[in-house]
Every structure is written in structure tokens, then in C-alpha cells.
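Structure assessment
So you can see what is in the structure, the chains are spelled out below.
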Amino acid sequence: AFVSVLDRSITKQMAENERLRRAEKRLQESEARLRVMLEQIPAVVWTTSVDLHFTSSLGAGLANLGLEPDQVVGLSLYDYFGGDDTSVPALEAHRKALQGERVALEQNWAGQSVHVVVEPLRDDDQAIVGTLGVALDVTELVASEQALRQSEERYRDFLAQTSEGIWRLELAQPMPLDLEEDAQIDFFYRFGTLAECSDAFARMYGLTAASVLVGANLDEVLPRSEPKNLEHLRAFVRRGYS
């Protein structure tokens, strides 16, 4: 009877050991897949301890910073950023994360414009055990936005200084292009409003500034009662809106 009980106990323990072995293998495989994913993601992902020492750093974005995966592990954020300077936004963001806040900021990092998010790193009991950070390179996006702003500024300057009467009409809803010519013109008058114009255009109507005229419907700008206006719109349609 003792041998039988011992045999069952050993068999049960072997089965439990096999279950644990398989669970550990699945965990290792899951961790390996996660690490591969993090190494290839076009960003930088890192964690720190509560004393703000790096505990991990992964992501394809590390290459843009001249770093290898986990190269900074063990280094403190204070050493990485060159001291305990309270004016460094990244350091302040990590301090706030340790207090339970989620912080987002934009900063220049090694010559790159990056969008950074830092938040608390919690254990299974939701206790804060460090910080988790993600940085996404937005250099091209920032450059594009700056170029767009400069282009818009040049356009605004042109509208303000030109002596030409320039205006832009918008339709409240899209117009089907299979409408007959007269139906298209009716559509213009029904749904068209003046969205933008130059000051010179407003002065042609005896007004002082474009802002007074913006929002007017098409009939106020090109009255249908004037035959030349209808001829102008028909020519516009016939030339393919040119």
C-alpha cells in the first residue's frame, strides 16, 4: 500500500513538473516574441526602477540615437541626461510618473524631434515599481508641419498684399458632376458660400476688409440677376472648372 501511494505521488509530481515545464516554455516563447516585436518597433521603449536606473531599453529607434538594445541598462537617468537638472523635461516626467501620473511631452533628443510618453510601471498588485517610457521619432512630421505653416503664412501674406481680387467658393455638400450645366449653376447658388477672399476683392465691393465678406452666399457675390455672371459661370463649367 505504501509503495502504491508513493508511486501515485511520484506520478502526480512528475505530471506537475511537466505542466510547470510546459508553462515555463510558453512563457519563454511569449517573452521572446515580445522582445522581437519590441526590438523591431519603430520607436524606443524603456523601463526604469524606482530610483530611475534603466532596467531595459528596446526598439528600432535606438539606432537613431546611436544606441544598442539594453546598452543603457544600469545607468541612471541623471547620468544619461547629465545631472539632476529640474529644468530637464524628461527627468521631471519620470518623477511625475513615479507619483502616478502619465506625462506626454515633445523634446529634442540627440538631434531628433521625439514624442515621449512616460507613465508608472506597476506590478500585479498595482504598486508602482518604476516607470515605462515610449519615444516616437516625429522629426519628419515636425518638419512637414513647419513647412506647411510657412506655406500658409506666405499664402496669407500674399492675400493681404495682392491688388488682385482673389476668392474661394465652398459648397456645403459635394456636387454630382453628371448634372446638366444649368443644374450645376443652380447647385452653386444653392450651396455655395464665400470661404475666403483677398482684401482687394472686398474693396471691389465697397467693403473695408475680407472678413466682412467671408460667409456671403454666391448670389451676394455674383448676383444671378446679372447676365454676365451667369455667362461667367457657364464658361467656368464648360472649361472643366478652369
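So, a few notes on the structure that sits alongside this text. (Residues numbered from 1 in each chain as written. Predicted model: local features only at pLDDT ≥ 70, side-chain atom pairs only at ≥ 80, totals over all residues. Heavy atoms only, no water.)

Structural notes on helix 9 (residues 227-238)
Note the threshold: Under the DSSP-based scheme used, a helix requires at least four consecutive residues in state H or I and a strand at least two consecutive residues in state E, with every element numbered from the N terminus. Take the number of residues in a helix, subtract one, and multiply by 1.5 Å to get its expected span. Burial status follows relative accessibility: with a 1.4 Å probe on protein chains alone, a residue under 20% of its type maximum counts as buried, one over 50% as exposed, and anything between as partly exposed. Starting at the helix axis, one direction is taken to each C-beta atom, and the arc is that of these directions. For this analysis, residues touch if any pair of their heavy atoms sits within 4.5 Å.
Compared with an ideal rise of 1.5 Å per residue, which puts twelve residues at 16 Å, helix 9 spans 17 Å between its outermost C-alpha atoms and is within 8% of the ideal. Taken together, the buried positions of helix 9 are occupied by Asn229, Leu230, Leu233 and Val237. With its buried residues spanning 100° around the axis, helix 9 presents them on a single face. Across from the buried face of helix 9, at angles greater than 90 degrees, the exposed residues are Pro227, Lys228, Glu231 and Arg238. Elements that come into contact with the buried residues of helix 9 comprise helix 5 (181-191) and helix 8 (218-221).

Thoughts on the nonpolar core
Threshold: What we call a nonpolar core is a set of buried Ala, Val, Leu, Ile, Met, Phe, Trp, Tyr and Cys residues that are connected through their side-chain atoms within 4.5 Å.
Ranked by size, the top nonpolar core spans 21 residues in total, and within it Val44, Trp46, Trp109, Val116, Val118 and Ala135 carry the most contacts. At the level of secondary structure, the elements contributing two or more residues to this core comprise strand 1 (44-49), helix 3 (89-98), strand 3 (103-109) and strand 4 (112-122). Counting 18 residues, the second-largest nonpolar core is a separate cluster that includes Phe187, Phe191, Phe201 and Leu230.

So, the pattern of salt bridges
How we decide: Note on definitions: salt bridges are taken to be side-chain nitrogens of Lys or Arg within 4 Å of carboxyl oxygens of Asp or Glu.
Following the criterion strictly, the structure yields nine salt bridges and no others. In this structure, Glu92 engages Arg95 in a salt bridge whose closest nitrogen and oxygen atoms are separated by 3.3 Å. Of the two residues, Glu92 and Arg95 are both situated in helix 3; the distance of three residues between them amounts to about one turn of the helix. Overall, Glu92 belongs to the partly exposed group, its relative accessible area being 29%. Put simply, Arg168 and Glu196 hold a salt bridge, and the shortest N to O gap is 3.0 Å. With Arg168 in strand 6 (residues 167-171) and Glu196 in strand 7 (residues 192-197), this residue pair connects regions lying 28 residues apart in the sequence.

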